[in-house]
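Residue strings, one per chain:
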Amino acid sequence: MTEVGIDAIEIWTGKLKLDLPNTFAPAKGEDPEKYTKGLGLNASSFPDTYEDIVTMGANAAHRLMEHEGLEPEDIGRIDVATESSFDNSKPVSTYIAGCLERVYDGKFSHANKGERKFACLAGTQSIDDAYNWIKAGRNRGRSALVIATDTALYARNDPGEATQGAGAVAMLISEDPELVTLSTEQGYGSADETDFLKPNQQFPSVDGKRSVQVYLARMREALQDFESVAGRVTVEDFAYGPFHTPFPGMVRKAALFAYRHMTRDTAIEDDLAEEIGRQPREEAFDDDEAYEEALREYMDGLKRTDAYQEWYGRVIDPTLTISRNVGNWYTGSVHLARASALRTAFEEGRDLAGERLMVGSYGSGAQAEIHAETVQDTWEGKIADLTIDQQIEDRYDLSYEEYERVHDVHNHDVDSDVEGEDVEGFTAPAEEFVFDGWGRMGERKYRFAE
Ligand code: CAA
């Protein structure tokens, strides 16, 4: 049977940085630890004035094609996942292909291009589309390019402002991939929700506290659905658990629920019973409130146990390293989490070949998806050259006033004509695609800056 999966990845962060504890917190009159400890974030990435979802996506894709020695003819499909699109008709993938055709001799004339939307889930859904296209035998030996690109901005003073971010992850989906193969088994948890949405508006309407509950509920349903096809999941089945990471504190909450679920009726629950008792079972309680209270108490105890902390430190924490320093990249976020884990394994010299990842994606509105991935023998060569640490290091560190200006530059309602034209960039572009002003039909124009 043909195996299909991710053959290569490349990451591009927005080139500006907002330091949350040192710049954002003082301006907001907040305790810096709300960000570092509460949300688990040190900084957010922002696009410079000449960057947007097209330039970040095209730059990530260009790097990936160069690294893999690809030409446009090798690509049969380009899907862009984004929830920051600026056009209700023309897909971002056409802009990105147009950029790439400026630097390659060939064209993407025979590649199928599209744009996928389901909030932050769309990157994973685009991988799914590519998987199905290849499995159906329609790819003619070619690979698919999946690009998750977003500028995750919230309205000023919205509680979500602390979790902003911007960047792109480009992934090559191929037969016999060299990084990870994807499981046939998938689990879904899906419901019509209004936790986070953008009804024809750039910045989201968010019910933040509810969105956290909806994430947890849909993720639980997805895990149960996954188990219904793949069998019971235990804590030792997976080397890492990359999850959608709107902010690391969200994954910290989800991981505790997942651990409780995976250890129920196992020897681990028995071992922990002496220390924190057994897990409360709903049928043993007369009313919901008492059951909820008992659960809270159990979870409080569970998160302090050595067993949980060791598992969390080994399987979950390594997925959060990049996210802590760049914030939420919406569609790209879970793919950053995977890259973060693999890069940690690479740095630690860990032999990961044949090991499995449990990948949990989530999109508001709302739907969660869980599948497994198997790391391939050749994985190290696909991770060794990632430059994300250097990119993070090289970002321009914004003052609060500069941040306000940058937020306005990318705000479509604030005199958008200035974007990229009158407002000087904070960094100098080199060997990359940049925004180059507006065309006569309101289209965005781009060029390659030498
Ligand atoms: N020291 C340590 N911790 C502190 C602290 C301090 N001084 N001050 C606060 N904290 C903790 C709080 O206790 C809280 O932790 P718990 O939830 O574990 O109790 C955490 O820091 C955040 O504090 P608040 O709840 O007071 O923060 P807030 O009200 O400003 O908003 C938020 C938090 C609701 C997540 C908000 O940032 C938000 O709306 N974000 C956008 C929505 C979002 O990301 N939702 C996630 C699920 S939806 C999704 O995943 C899709 C997506 O990508 C958007």
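In case you missed it, the structure is sitting above this.
Below is a short write-up of the structure. Since the structure is predicted, the reported quantities are computational estimates derived from the model, not experimental observations. (Residues numbered from 1 in each chain as written. Predicted model: local features only at pLDDT ≥ 70, side-chain atom pairs only at ≥ 80, totals over all residues. Heavy atoms only, no water.)

**Remarks on the sheet that holds strand 6 (residues 143–152)**
- The strand order 5-4-6-7-1-8-12-11 describes an open sheet built from eight strands, whose pairing is mixed. Across the chains shown, the open sheet's two edge strands, defined by having one partner strand only, are strand 5 (112–116) and strand 11 (356–363). Within this sheet the neighbouring strands show an average axis-to-axis angle of 25°, counted without direction. (Pairing = 2+ DSSP bridges. Helix = DSSP H or I, 4+ residues; strand = E, 2+ residues; numbered from the N terminus. Axes fitted to C-alpha atoms, helices over the stretch in contact; angles between N-to-C directions.)

**Brief notes about the sheet that holds strand 2 (residues 16–19)**
- If you walk across this open sheet you meet the three strands as 3-2-13, and the pairing is mixed. The open sheet has two edge strands, strand 3 (43–46) and strand 13 (396–397), and neither has a second partner.
- Judged from the four bridges that link them, strand 2 and strand 3 form a sheet pairing that is antiparallel. Within the sheet, the bridge partner assigned to Leu 16 lies in strand 3 and is Phe 46.
- Contacting strand 2 and strand 3, helix 1 (residues 20–28) runs over the sheet at an angle of about 65° to strand 2. (Contact = heavy atoms within 4.5 Å.)

**As for the pattern of salt bridges**
- Tallied over the entire structure, the rule returns 30 salt bridges.
- We note a salt bridge from Arg 156 to Glu 161, for which the minimum N-O separation is 2.9 Å.
- Its relative accessible area of 27% is what places Arg 156 among the partly exposed residues.
- Close ionic contact of Arg 296 with Glu 293 constitutes a salt bridge, the shortest N to O distance being 3.2 Å. Of this pair, Arg 296 and Glu 293 both sit in helix 9 (residues 288–302), three residues apart, which is roughly one turn of that helix.
- Here Arg 296 falls in the exposed class, since its relative accessible area comes to 51%.
- The network of salt bridges with common partners includes Asp 265, Glu 269, Asp 270, Arg 278 and Arg 281. (Salt bridge = Lys/Arg side-chain N within 4 Å of Asp/Glu carboxyl O. Buried < 20%, exposed > 50% of the residue type's maximum accessible area, 1.4 Å probe, protein only.)

Any functional reading would require information beyond the geometric quantities listed.
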